[in-house]
Amino acid sequence: MPEQEKPSAHTDEQAAKNEARLLKKKEVVDKRIAAATQERGVTILLTGNGKGKSSSAFGTMARALGHGQRCAVIQFIKGRKATGEQLFFGAHPSVEFHVMGHGFTWETRNPELEKEAAEQAWQLAKGVLSNPDIHFVLLDEITYMYKYGYLDDADLIEALKNRPQHQNVMMTGRTAPRALLDSVDTHSKIANERHAFANGVKAQAGIEW
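Given the structure is predicted, the values throughout are model-derived calculations rather than measurements.

Asks: Break down the sheet that holds strand E4 (residues 136–140) for me, citing the residues and quoting the values.
Replies: Taken together, 6 strands build an open sheet; the order of strands is E3-E2-E4-E5-E1-E6 and the sheet is parallel. At either end of the open sheet lies a strand with only one pairing partner, and these are strand E3 (95–99) and strand E6 (186–189). Each adjacent strand pair in this sheet contributes to an overall mean axis angle of 10 degrees, direction not counted. As defined by bridge partners, E4 adjoins strand E5 (residues 168–172) across 4 bridges and the pair is classed as parallel.

Below is the structure:
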């Protein structure tokens, strides 16, 4: 039976360097954790042309529900059919789920109707943003309302500033006003590297809606 090779001095030296590097990294991370002393809700904005903004937000809401938190959703885009998110979360006892009524869709354009619907949805949003019983709020596709001039972003920023301290808020949309971008705690931008639709793959239930 062949003898096992003994670790070389080079291997020992490399292992020591790796351990030192990891310890240094741990020290940096530990300092950051120690410095993060605030306990409050955060505002998160997801923008960009890539797929996954709303999916990420609903996934975060599922996480909040797993911790027994009450949630509210306001969807600012009305589609042709109910989404999987609405069908699933809409029946959840800890979720308030609202879809903007008769207004904005991708198929029809009626500015007067859309503005009226946006304002009605915003009134609902203001209600949940001032409700201390709601721990997590999702304002899905809200940024389009500012792109088309249906709502005033200053009203949103003020409501976010004055919301209950523990409340977390996520917002989605491809673009957002600079003032909103500058005001949130976390902003992530999702890029579009490739999309199946561009190669002729039909949109399908469970993926696109």
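Asks: Provide a residue-level description of the pairing of strand E2 (residues 71–75), including the pertinent values.
Replies: Within E2, 5 of the 5 residues are buried, which leaves it mostly tucked inside the rest of the structure. Of the two faces of E2, both are covered, the one formed by Cys-71, Val-73 and Gln-75 as well as the one formed by Ala-72 and Ile-74. Strand direction decides the pairing type here: E2 and E3, joined by 5 bridges, are parallel. Within E3, the residue paired with Cys-71 across the bridge is Val-95. Where E2 meets E4, 5 bridges bridge the pair, whose relative direction is parallel. Bridge assignment links Ile-74 to a residue of E4, and that residue is Leu-139.

Reading the values: rules and limits
- Residues numbered from 1 in each chain as written.
- Predicted model: local features only at pLDDT ≥ 70, side-chain atom pairs only at ≥ 80, totals over all residues.
- Heavy atoms only, no water.
- Pairing = 2+ DSSP bridges.
- Helix = DSSP H or I, 4+ residues; strand = E, 2+ residues; numbered from the N terminus.
- Axes fitted to C-alpha atoms, helices over the stretch in contact; angles between N-to-C directions.
- Buried < 20%, exposed > 50% of the residue type's maximum accessible area, 1.4 Å probe, protein only.

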